[in-house]
Amino acid sequence: MASAAIFSSLRRRRSPSLEAFLAPVDLSDVALVQTLVSVTAEIVSSFSDKLFYFQRRNSRSLVRKVEVFLVLLDCLNDSSAGSSALPWTAVICLKELYLLLYRSKILLDYCAQSSKLWLLLQNHPISGHFHDLNQEISTLLDVFPTEEVELGEDVREQIELLQSQARRAKLLIDEADEDLRIQFFRFLSEFEKGRVPNSDELWVFFVERLGIRDARSCRHEIEFLEEQIVNHEGDVEPTVSVINGFVAFTRYCRFLLFGFEEDEVELGGGAGSQKKARKGLISQEIADTFVSIPKDFCCPISLDLMREPVIIATGQTYDRSSISRWLEEGHCTCPKTGQMLPHTKLVPNKALRNLILQWCTAYGVPYDAPECSEASAESFAGASPSKAALAANRATAGLLIKRLAEDGSICAQTIAAREIRLLAKTGRENRAFIAEAGAIPHLRKLLSSPNSVAQENSVTAMLNLSIYDKNKSRIMDEEGCLGSIVDVLRFGHTTEARENAAATLFSVSAVHDYKKRIADEEGAIEALAGLLLHGTQRGKKDAVTALFNLSTHTENCARMIEAGAVTALVSALGIDGVAEEAAGALALIVRQPLGAKAVAKEEMAVAGLIGMMRCGTPRGKENAVAALLELCRSGGAAATERVVKAPSLAGLLQTLLFTGTKRARRKAASLARVFQRCENASTMHFGGLGVGYAFAGNSAANRDTSFVGDVSVQMSISVPVL
């Protein structure tokens, strides 16, 4: 039987019929023969004149064998119409032939539809599948009862000749195909050694010997190889890192040999075609980027992809940052099972981390492991980019940046920006050498392009580059770059461009020194506030996280009030998905009297925070009670009175004192003491709320001095890589 691996590979592209695996069981002899005639005739008509670029000899040989079976089946069909039933041994053989024919059809179809480069890489395994089928044919003919069925003499002779040939058949690996495969690996080896292959040799290999003659066909080859990475099985050769190397090498050759002409046709044909191209290049990739993360890869606490999975005493696995926070808050139980923890030792789950890394590599999801992690990079060498891939990507980046620097067509520059975006999608090495090669100044110029696709690609490339910490300073130090990003946020041609500009601001605002510069940039905070109010769900998330980052800088308070950010944040308290961060930002703003005064003026501020305490997440409740406490401390008597008179607050505080996080309990107790000293305390019974809690009071001496420490927002928010 043919190896199951081929069917696994084929199912990834197009699922074969169930008939490929199940022989017919309820057919009469006549119907069985007629079905086999139909299947065999379909194979002959589909592949007898088919041009196979590789596996020609094996494919032709198999088709000729099927033609002989068609002659046999036609003869059986003619004789069975007016004679007795077939011998039971013949029926069993024909059912086995049914399976064999379908496997032959799948294999021939695979060779006809697969990319040329993939067929080269799979030259040995595919040749082995053809040999397996030959052996099955030989076995089938050995047991087929030719003496018990009515056959013409000429048909019998053809069957005997086929039987003799099948017995003598040996594994056939085409020498010309093998030479090309070896040369393909030799080119990759050149990159591995730091040498760029000769362009004339590459032209001969791709154009003259492989027949890859334009950018479109080369792009098809790249996409097919990338699909094999996504669907890769661990025991299938070549490995993911090797395929990644070939993808990088082929992408380099695509631009070296064919330039941008084919893509210019696609992107340069008027508004309608540009809109279609934008959907294909940007919107679809965004949809592909936000793939569904396997449940086992998500932390049960944060529900995010685990960066550093660890095992606790109960055997459950959590992300280290999430479970560490849980333990620091004073919990001594397993969050998932509720069991008491005999100890708090965290054991790295290296096996799961390896699986997560391999999955991220396959789907292009960024996975920058903590530098202090115990696991070394060598543990994941199979999934890491190879030296050849990095060298090829570096050479490709040089070609792309050169194209950006030239005053050529806008379509060519758009394609260059798109490819830079894709290169920067994964791997800190790629992001580092792209920026080092000088991509940022040229991408900045495209940010103001009237072409919507060019603008989207350039701002998204800037976002991807900004994930690498050293590139944040390169972006901020580039003259006019911050202003151009803000202009895209304010006036971008598309929703995706504006959202990605907001995400870029969030990314670079992780550096404290840049928060004031971003806030002072004309229109930046106004645009973020507008996106938070009127953007898509993803846009709201980008905007609120950027505003939270900016609010952590004490000098930004007045600017945020002036720009309307406070109003937007208060409105966001009722929006799922962003309310927690909005409450966190407000908790920081109200620590200053100016901020507390602005929040107190918002009619829905107190009601929104009370609603968060009632229905929010544990961190949302924590941020809400912190904001109310700071509002009382910094907002004066009027603000305190508004908080005190809020309905249901007493019950919510009491609930938090017993069920909230450690920080939430502390804030709730402090807020209760504020009420006790309030002139309206007699109308609300808080006498026992603070008993048993050794928390600080309301005096300035006892207030926490840290600015962000009392605000709970999980700041491991991942920047979307697009």
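Structure: see above.
Thresholds, definitions, all that
Residues numbered from 1 in each chain as written. Predicted model: local features only at pLDDT ≥ 70, side-chain atom pairs only at ≥ 80, totals over all residues. Heavy atoms only, no water. Helix = DSSP H or I, 4+ residues; strand = E, 2+ residues; numbered from the N terminus. Buried < 20%, exposed > 50% of the residue type's maximum accessible area, 1.4 Å probe, protein only. Contact = heavy atoms within 4.5 Å. Areas by Shrake-Rupley, 256 points an atom, 1.4 Å probe, with all protein chains shown as cover. Pairing = 2+ DSSP bridges. Axes fitted to C-alpha atoms, helices over the stretch in contact; angles between N-to-C directions. Phe/Tyr/Trp six-rings, centres within 6.5 Å; stacked < 30°, edge-to-face > 60°. Lys NZ or Arg CZ within 6 Å of the ring centre and 35° of its normal. Salt bridge = Lys/Arg side-chain N within 4 Å of Asp/Glu carboxyl O. Parallel < 35°, antiparallel > 145°, perpendicular 65-115°, else oblique. Left-handed = near helix turned anticlockwise from the far one by under 90°.

## Concerning the overall build of the protein chain
Okay, step 1: A tally of regular secondary structure across the protein chain gives 35 helices and three strands.
Okay, step 2: By residue count, 54% of the 722 residues in the protein chain fall in the buried class.
Okay, step 3: Residue pairs in contact within the protein chain that sit at least 24 positions apart in sequence constitute 74% of those at least 6 positions apart.
Okay, step 4: Working note: accessible area of the protein chain is about 31500 Å², and carbon and sulfur atoms make up 51% of it.

## Focus on the side chain of Ser458
Okay, step 1: Mapped onto the secondary structure, Ser458 falls in helix H20 (residues 452-466).
Okay, step 2: In this structure Ser458 comes out as buried when scored by relative accessible area, which is 0%.
Okay, step 3: Contacts of Ser458, omitting those with residues within four sequence positions, involve Ala417, Leu443, Leu446 and Leu447.

## Here's the deal with the environment of Leu399
Okay, step 1: Examined against the element boundaries, Leu399 turns out to sit in helix H16 (residues 387-405).
Okay, step 2: It is 9.3 Å that separates the C-alpha atoms of Leu399 and Gly259, two residues lying 140 residues apart in sequence.
Okay, step 3: The residues contacting Leu399, other than those within four sequence positions of it, are Tyr252, Phe255 and Leu256.

## A closer look at the sheet that holds strand E1 (residues 309-311)
Okay, step 1: In spatial order, the strands read E2-E1-E3; together these three strands make up an open sheet with antiparallel pairing. Either end of the sheet is taken by a strand with one partner, and the two such strands are strand E2 (317-319) and strand E3 (347-348).
Okay, step 2: Bridging between E1 and E2 involves three bridges; their strand directions are antiparallel. By the bridge assignment, Val310 is partnered in E2 with Tyr318.
Okay, step 3: Taken strand by strand, helix H14 (residues 320-328) contacts E1, E2 and E3, and its axis lies near 95° from that of E2.

## Things to note about the packing of aromatic side chains
Two numbers describe a pair of aromatic rings. These are the distance of the centres and the angle of the planes.
Okay, step 1: According to the stated counting rule, one finds 14 aromatic pairs in the structure shown.
Okay, step 2: Here the aromatic residues Phe184, Phe185, Phe187, Phe191, Phe205, Phe206, Phe246, Phe249 and Tyr252 are joined through ring pairs into a cluster of three or more.
Okay, step 3: We note Lys116 situated over the ring of Tyr53; from NZ or CZ to the ring centre the distance is 4.0 Å.
Okay, step 4: In this structure, Arg254 is placed above the aromatic ring of Phe255, and the distance from its NZ or CZ to the ring centre is 4.2 Å.

## Observations concerning the pattern of salt bridges
Okay, step 1: Under the criterion given, the structure shown has 21 salt bridges.
Okay, step 2: Here Arg103 and Glu136 are joined by a salt bridge, their closest N and O atoms 2.7 Å apart. Of the two residues, Arg103 sits in helix H4 (residues 88-113) while Glu136 sits in helix H6 (residues 123-143), which places them 33 residues apart along the sequence. Just as Arg103 is buried, Glu136 falls in that class too.
Okay, step 3: Two residues, Glu419 and Arg251, come together in a salt bridge whose shortest N-O distance is 3.6 Å. Pair noted here: Glu419 is in helix H17 (residues 410-423) and Arg251 is in helix H11 (residues 240-258), with a separation of 168 residues, a long-range link. Both residues of the pair, Glu419 and Arg251, count as buried.

## Digging into the packing of helix H25 (residues 524-534) against helix H28 (residues 565-572)
Okay, step 1: Where H25 contacts H28, the axes come no closer than 9 Å and their chain directions differ by 20°. With respect to H28, the element H25 is oriented roughly parallel. For the crossing formed where H25 meets H28, the hand is left-handed. In contact with Ile525, Ala529, Leu532 and Leu533 of H25, H28 contributes Ala565, Ala568, Leu569, Ser571 and Ala572.

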